[in-house]
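Structural overview
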Amino acid sequence: MIRKLSVVISNSFNPYENLAREEYLTFHVQPDECILYLWQNAHTVVIGRNQNCWKECRVSELEASGGHLVRRLSGGGAVYHDLGNLNFTFCMRKEYADVTRQTAVIREAAASFGLKAEQTGRNDVTVDGRKFSGNAFFDSRGYYYHHGTLLLNVDTSAMSRYLNPSTAKLQSKGVSSVRSRVVNLAELSEEITVDSMKKAMTEAFSKVYGLPCEVFEESRFDEQEIRSLREKFDSWQWKYGQKIPFTNRFARRFSWGEAELDLKVDQGLVEEALFSTDSMEADWFEGIGTQFRGCPYEAKALSRVLKEMLGKRQVPGEIVEELCGMIQEEV
């Protein structure tokens, strides 16, 4: 049972610092504690753990303008952050995770400004059908976080400039561009600013959980560990990952997300492979591309390897069959 609420408000706009502290908080939350972490990134594209950054983001253009690319621990799709965006993270032990309750904090905060917010599907929060909050989730070894964005006054032209969603993904949402399906809350209420939303989120957190909020004690941070985490998030390998000179590419959009398999094939054998997805279930698919190396470029052989890998991770059978069907259609 959650008996303690703690609030942490970051004073940094550096994405590597902020994600380092988010990971630290997640793995150091006390057994009966729920932490609300509020943070902002300046001019940043954040991609999901298993996404291909070169496909999801115009990386060169972003970095030429002084922006940052960062890969998070959770799954899901790419998002753009600037200082008109307020990010939130709920950290707790996995056994106490309750998406409906956590999302209720966001809805309650919006309601304090006279806005009726709704949870749409698993990972969006909307007002009048337009998205202002996209959510993602992570859990490991019994620790859990639920994080997301709150669009307050984001530069939506920059969002369109640096993000590169596929046409299939936009069509699945019934829209023609990334800008057309989002809304800044400041457009709906003149009272909404970053500071007023921080206050509203903190008050809503206390109201929904029925407990007083305490300020997280800075002495609980281990700065040496955070420095190490920051270096990880800022490393080339973590940010950009593998990029291969593919000879064969398969891509499909399914109900659970987009999937793309890039293969470098030579003399009938797979030399390199990269599997990318914006699925919310990051653990299911992490690193599976490496298992295709040395596999014959044959539908049966590739499907057999895929079934074996995903079976060990207890991926639902219908998803495994959909991916095998993609391979069998293409090879």
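Computed from a predicted model, the values in this text were never measured in an experiment. (Residues numbered from 1 in each chain as written. Predicted model: local features only at pLDDT ≥ 70, side-chain atom pairs only at ≥ 80, totals over all residues. Heavy atoms only, no water.)

Moving on, we come to the overall build of the protein. In terms of regular secondary structure, the protein is built from 12 helices and 14 strands. For the protein, the C-alpha radius of gyration of 20 Å lies close to 20 Å, the compact-globule estimate for 331 residues. The principal-axis extent of the C-alpha atoms belonging to the protein is close to 65 × 40 × 40 Å. The 331 residues of the protein split such that 55% are buried. Restricting to contacts in the protein with at least 6 residues of sequence separation, those with at least 24 account for 71%. Carbon and sulfur atoms provide 46% of the accessible area of the protein, an area that totals close to 14800 Å². (Helix = DSSP H or I, 4+ residues; strand = E, 2+ residues; numbered from the N terminus. Rg over C-alpha atoms; globule rule 2.2 N^0.38 Å. Buried < 20%, exposed > 50% of the residue type's maximum accessible area, 1.4 Å probe, protein only. Contact = heavy atoms within 4.5 Å. Areas by Shrake-Rupley, 256 points an atom, 1.4 Å probe, with all protein chains shown as cover.)

Before going further, it helps to spend a moment on the nonpolar core. Counting 36 residues, the largest nonpolar core has Phe-132, Leu-150, Met-197, Met-201 and Phe-205 as the members making the most contacts within it. Among the elements of the structure, strand S1 (4–9), strand S2 (33–39), strand S6 (85–93), helix H4 (99–111), strand S8 (124–127), strand S9 (130–140), strand S10 (143–151) and helix H7 (194–209) are those that each provide at least two residues to this core. When residues in this core are grouped by element, the largest group, seven residues, is from H7. Once you skip the residues sitting within four places of it in the chain, Phe-132 turns out to touch Ile-106, Ala-117, Val-125, Thr-126, Val-127, Thr-149, Leu-150, Leu-151, Val-183 and Leu-185. (Core = buried A, V, L, I, M, F, W, Y, C linked by side-chain atoms within 4.5 Å.)

Attention now moves to helix H1 (residues 15–28). The terminal C-alpha atoms of H1 lie 20 Å apart, and with 14 residues this matches the ideal 20 Å at 1.5 Å per residue to within 8%. Burial analysis of H1 places 13 of its 14 residues in the buried class, the great majority of the element. Where H1 begins, one side-chain oxygen reaches toward the backbone nitrogen of Tyr-16, 2.8 Å away; that side chain belongs to Asn-14. (Expected span 1.5 Å × (residues − 1). Polar contact = N/O pair within 3.5 Å; in protein donor to acceptor, adjacent residues only side chain to side chain.)

Attention shifts here to the packing of helix H11 (residues 299–312) against helix H12 (residues 317–330). As a packed pair, H11 and H12 sit with axes 9 Å apart at the nearest point and diverge in direction by 160°. Classified by the interaxial angle, the pair formed by H11 and H12 is roughly antiparallel. Read as a crossing pair, H11 and H12 show a hand that is right-handed. Facing H11, whose interface residues are Ala-299, Leu-302, Ser-303, Leu-306, Lys-307 and Leu-310, H12 presents Val-320, Glu-321, Leu-323, Cys-324, Ile-327 and Gln-328. (Axes fitted to C-alpha atoms, helices over the stretch in contact; angles between N-to-C directions. Parallel < 35°, antiparallel > 145°, perpendicular 65-115°, else oblique. Left-handed = near helix turned anticlockwise from the far one by under 90°.)

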